[in-house]
Structures are given as C-alpha cells and as structure tokens.
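Descriptive structure summary
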Amino acid sequence: MHGLYRWSAKWWPGLIPLAILWLVAAWVSTIPLETDLTARGTAALKNTILDKSSVTVAGRDVTFAAEAFSEEGRRSAVAAVEATPGVRLVNDDTRLVAEAKPFVWVAERDNVRVTLWGTAPLPASKARIAEAARTALNGTEVSDRMGLKRSAPPRFDAAAMLLLDQVAKLKEGKVTLSDTNVSLSGMARDLGGREAIAAALKNLPEGFTVAANEIKAPPYVFQANKDPVTGTLTLSGYVPDNTVHAALAAAAGRKFANEKIVDNLKASIGAPSGFAAAVTTALGALSRLSTGTLVVSDREVKLSGDALYDAAVGQIRAGLAKELPQGWPIKAEIALKPSAAPVDATVCQQLFEQNLAKSRIRFETASASINADSAGLLDRLVEVAMRCPTTKIEIAGHTDGDGDAAFNQSLSEKRAMAVEDYLVTAGLPADRFSTVGYGATQPIATNDTEEGRLQNRRIEFLVRQQP
Amino acid sequence: MIYLAMFHWGWLLGAFLLGFCMGWIAVVYRGRSVSRAWIQRLSVLVAVIIGIAVAKVLPGRFGYWLDLGLALFAFYLVGCAIGSWLRDIVVTRQQGRPA
C-alpha cells in the first residue's frame, strides 16, 4: 500500500495525454450521445398520451416539453423520461392541456368539403372522429382542423360520431356540439333527410340535448300536368307512401276519367302534413282546366292553365281558397280558354255523348248532390252547351232499379235539376234547359249487377234545334 | 453508469491502458515526484469536482463533459494502480534472482 502511494506520486505525466484523450472523447462523442438519448427518450414516450411533445437533449440533460391530458399522465410521462438509461436530469416543461369552456366541436359542410373545427378531448378521439368522418362522407374531402382541449362532456366521442352520420345527410350545413347542446343548421341532401336526421338525433348519448335543429329539406314537390292534345295527365314528384299514392291515383282516375294517367310518382318521406287532402283538392281544381299544370311545392299550391268558361275562373279560385287546409298558400294563374267554334245541334249532341262515353256525372249516394269528382266533366259539358247557343237541351235523369220507384223517380228529377243548376250557374240561360226524371224506368243495362246499376245511374242530354 | 460505460467503452479502455502504461513506467521512473502536500491538495480538488458532478451543478454539455472527464480519470487511476503493482512484482522477482 505504501508502494502504491509512492508510485502514485509519479503518475502525473500521464495526465497530459489523458487530458488530450478527454478533449477528443468530448469532441467526438457528444453529438452521438445526444442523438441516442433523444431517440431513447422519444421511444420511452411511445405509450403515453401527450400533445405537442418534444424531447431535446444537451449532454445528458433532457428538456421535455409536452401537454398532457391528465396530471397522472403528465407525471408518468416525466417519470418515463427520467427512467431512460443515460439521462442525468430532466428539465420538466410539461403542463396540462388547457380546458375548454364551453367544449365546442363543429362539423361544417359546404359544396366541396367537410371541415372539422373545435376541439377533441384526446389525440385518439381526434383521430377516430376524423376517420369516422372519412368513412361516413365517402369520397368527400375531410379537413381536420380540430385542436385538443380538456373537459369534454362524457360520451363526447359517441355523440360526435352520431352527428357525423347526420352531416353525411346534409348537402350543406353545420353541426355544432357545445358542451352537451347540439345545434344543427343547413340543407338536407335528400327529401326526407330532415326527418331522418330528427329521428337519428333521438339516439344521442345520454345527457346530450338538441338545442336547435334548423335543418331544411329540399322542397317536397308534387306535380300534375294536364295535356289536352295528348289527352294525358302526367303525375310526377313525390308522395309520402304507397297508401297515399294509391289514394291519389284513384282520385286522379275519378277526376280525369277521360285522360290517360301517366304516373311517375315516387314515394318519399318529408311530406307536409295534410298533403293528401290538399293535393286531392288541387287535383279537382286542375280537372276543371282545359290545359294546366299543378305544382305543389312544400305547402305552396301553384295552379296555372286555362279554364273552359268565364265563370269557372272565379269558381276555381274561390273553391281552392275554401277547400285547401289552413296554411297552404295558393298561387292561381288561371286564364280563359279561347271559345271554340259554334256547332249545330247534331254535332253538339255528339259532343255530349263523347264526353259521357267514358265517364258519367256522379252523385252522392241516394242524394242529388253532385260529387266533386265530376266538376271537370261538367265543365266540359258547359263548354259543349256554350258551343251550340241556339239549341234547347233536355236533361234527363235516370236511376238504377234499387229502392222504391217513387223515390227513384223523385231522385232522378232532382239530379237532372242539379245538373241544370250547375249549367245555369256557369252562365248559360236557364230557358235553354228542361229537365225530366225517368226513375228506373229506362234501364240501359241489367239491374242485377253492380256494373249494370252503375250504367243505369246516369244523366242524358238531348239537344234540339230551337224552332 | 452502465449506459455510460457501454457507450464510451473505447475511450475508457484507452484511459485504462494509458494509466496502465504510466503505472508500469512509474515504478522505475527516476523523475520528479509530486510532494505529499500537493497530492493532498489535488485529492481535495478531485473530491470537490466529484461533489460538483454528483450534485449535478453544471448544466447540459458541461455537466456531461465533467462526468466524462471523471470517468476517464478513474479508469486512468485504476490502470496506473494495476500497472505499478504488476511492474513491482516483475522488478522484485528480477532483483531476487542471482545475477
């Protein structure tokens, strides 16, 4: 031991090359060491949840800056860096992610893209939402501008996912989640989109409420076009369901008995309430026009075309205003069809028969009230009567064989008179008409079948040249 | 420490060999010795420097360089001690042999 002490007094010359070795080692090893520690420090943070994480190394000292989403997460991240082999000191520049009050998340859709704004609670949640947006909006560009903040409401992710599905149903618009309040505005892509969104919002996670739903839908359009040249009635647009479709087709069949009906209607939800009744009424008004178009757009009823005679213009307008449900605005542009050339009694008789060949004037059961479905036919009969002003016309009522003969006699007379009233109200002189009722005495078919009875219940016109 | 030793094993080995050579020479070296008083003063200085390193007073790269210097110095000293001890054995054996 004493020798070691003695020899050590002579070890000093080696210190000079040692110092040189030290300088060279310091010069050569510093950068690789720092690079290695940076890689190790970053790797140690792989399983932590951080935002804006950065690891910078000077010598063996690590400056660790990051935003953590919980105090526990922050501490464990710092501990992970401290535990990295070779690290001497950790300069802790970590802090907690700021809280957002209120916690706002927005998905905004325009013609080109969907932009996600606002804040998400965690990087994983942000990624999940962006991915869900790309899936839900297949083919649409998704721009992710979400930041990260704390204090999201519970079940935020589920709510955001559900709302993204609704964004997919929008043409353009905005969905905002502010804490637990959901606000929606914009235009639905399809008819019924508004209803589909409203239904989906009922499945929002517990605690979330719809503060405002101002989603609009494209107008719900029903269109009918009456073309006298081709003799067709073309129905297009939408009906709420197959039941209403069938009901409207049947109503059109009754009101437009002489026209061929081209039915291009499609079923879609989103119809305004009272749709079927309003359209049926409006179809009745269209049936009284010679040529015309009916457009029901949401609740607006637009009827344009030519009425067959002067009095009909006012009657159609007034009838629509009276019969349409409240809250259905009417835009009627009804002109008068130019008068047709006068004809003699023989042609006039033929025209009456032509008009009554495919359809007949209908009355309410056991009553002399003219069924509303017959208004179109009666208007055409008025027009025919107007074309032969120098004739006298006998209106004959007939019933089927059912019931009491005296009642049928009386009913046939009253029905003939009801028709006369209609013609006179239309502006024709009363002295041109005479009425007669034949009860069931002149059947043209058997009264044993419903079909036969239907044919027997009729009004006939007999045109005579005035002496 | 294990990380440092693994990362710098080449340099540390160099310091050890340097020390070993110096220790080997020192046994028969006739040159000037450092006085006991200086050895004590230098020991105190080294102790202070070790204290500074342990307390991690120097920041960043300076801290690392100090650690590196101390590690090299330690390996040098160990090398010196082993070198001197082995040389002493060799010298003693030669002196004990009849000429």
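Look up: the structure comes first, before these words.
Computed from a predicted structure; not experimentally measured.

Helix and strand counts for chain B stand at four helices and zero strands. Classification of the 99 residues of chain B by burial places 28% in the buried group.

For chain A, the helix and strand inventory stands at 13 helices and 19 strands. For chain A, with 467 residues in total, the buried portion stands at 36%. The long-range fraction of contacts in chain A, counting pairs at least 24 apart against all pairs at least 6 apart in sequence, stands at 67%.

Turning our attention to the packing of helix α4 (residues 123-136) of chain A against helix α5 (residues 156-167) of chain A. Residues and elements named next belong to chain A. It is the contact of α4 with α5, at a shortest axis distance of 9 Å, that shows an interaxial angle of 20 degrees. By the angle class used here, α4 and α5 are roughly parallel. By crossing handedness, the relation of α4 to α5 is classed as right-handed. Contacts between α4 and α5 involve Ser-125, Arg-128, Ile-129, Ala-132, Ala-133 and Ala-136 on the former and, on the latter, Asp-157, Ala-160, Met-161, Leu-164 and Asp-165. Taken together, the residues of the contact of α4 with α5 break down into seven nonpolar, one polar and three charged.

Moving on, we get to the sheet that holds strand β14 (residues 289-297) of chain A. All names here are of chain A. One open sheet accounts for six strands, arranged β13-β12-β11-β14-β15-β16; its pairing is mixed. At either margin of the open sheet sits one strand with a lone partner, and together these are β13 (260-267) and β16 (330-336). Adjacent strand axes in the sheet meet at a mean angle of 5 degrees, parallel and antiparallel pairs treated alike. Relative to β14, strand β11 (residues 221-227) runs antiparallel, the two being bridged by six bridges. Within β14, the residue paired with Lys-226 across the bridge is Gly-292. Strands in contact with helix α8 (residues 275-287) are β11, β14 and β15 (300-307); relative to β14, the strand with the most contacts, it is inclined by about 160 degrees.

Glancing now at the sheet that holds strand β18 (residues 433-437) of chain A. All names here are of chain A. Taken in spatial order, the three strands make up an open sheet running β18-β17-β19, and their pairing is mixed. A strand with exactly one partner marks an edge of an open sheet, and here the two such strands are β18 and β19 (458-465). Looking at each pair of strands side by side, their axes are set apart by 20 degrees on average, direction ignored. The pairing of strand β17 (residues 391-398) with β19 spans eight bridges and is classified as antiparallel. Counterpart to Ala-396 in the pairing with β19 is Glu-460. Across the sheet, helix α12 (residues 405-425) lies against β17, β18 and β19, angled at about 160 degrees from β18, the strand it touches most.

Procedures and definitions
- Residues numbered from 1 in each chain as written.
- Chains lettered and ligands numbered in written order.
- Predicted model: local features only at pLDDT ≥ 70, side-chain atom pairs only at ≥ 80, totals over all residues.
- Helix = DSSP H or I, 4+ residues; strand = E, 2+ residues; numbered from the N terminus.
- Buried ≥ 20, exposed ≤ 12 C-beta atoms within 10 Å, placed from the backbone.
- Contact = placed C-beta atoms within 7 Å.
- Axes fitted to C-alpha atoms, helices over the stretch in contact; angles between N-to-C directions.
- Parallel < 35°, antiparallel > 145°, perpendicular 65-115°, else oblique.
- Left-handed = near helix turned anticlockwise from the far one by under 90°.
- Nonpolar A, V, L, I, M, F, W, Y, C, P; charged D, E, K, R; others polar.
- Pairing = 2+ DSSP bridges.

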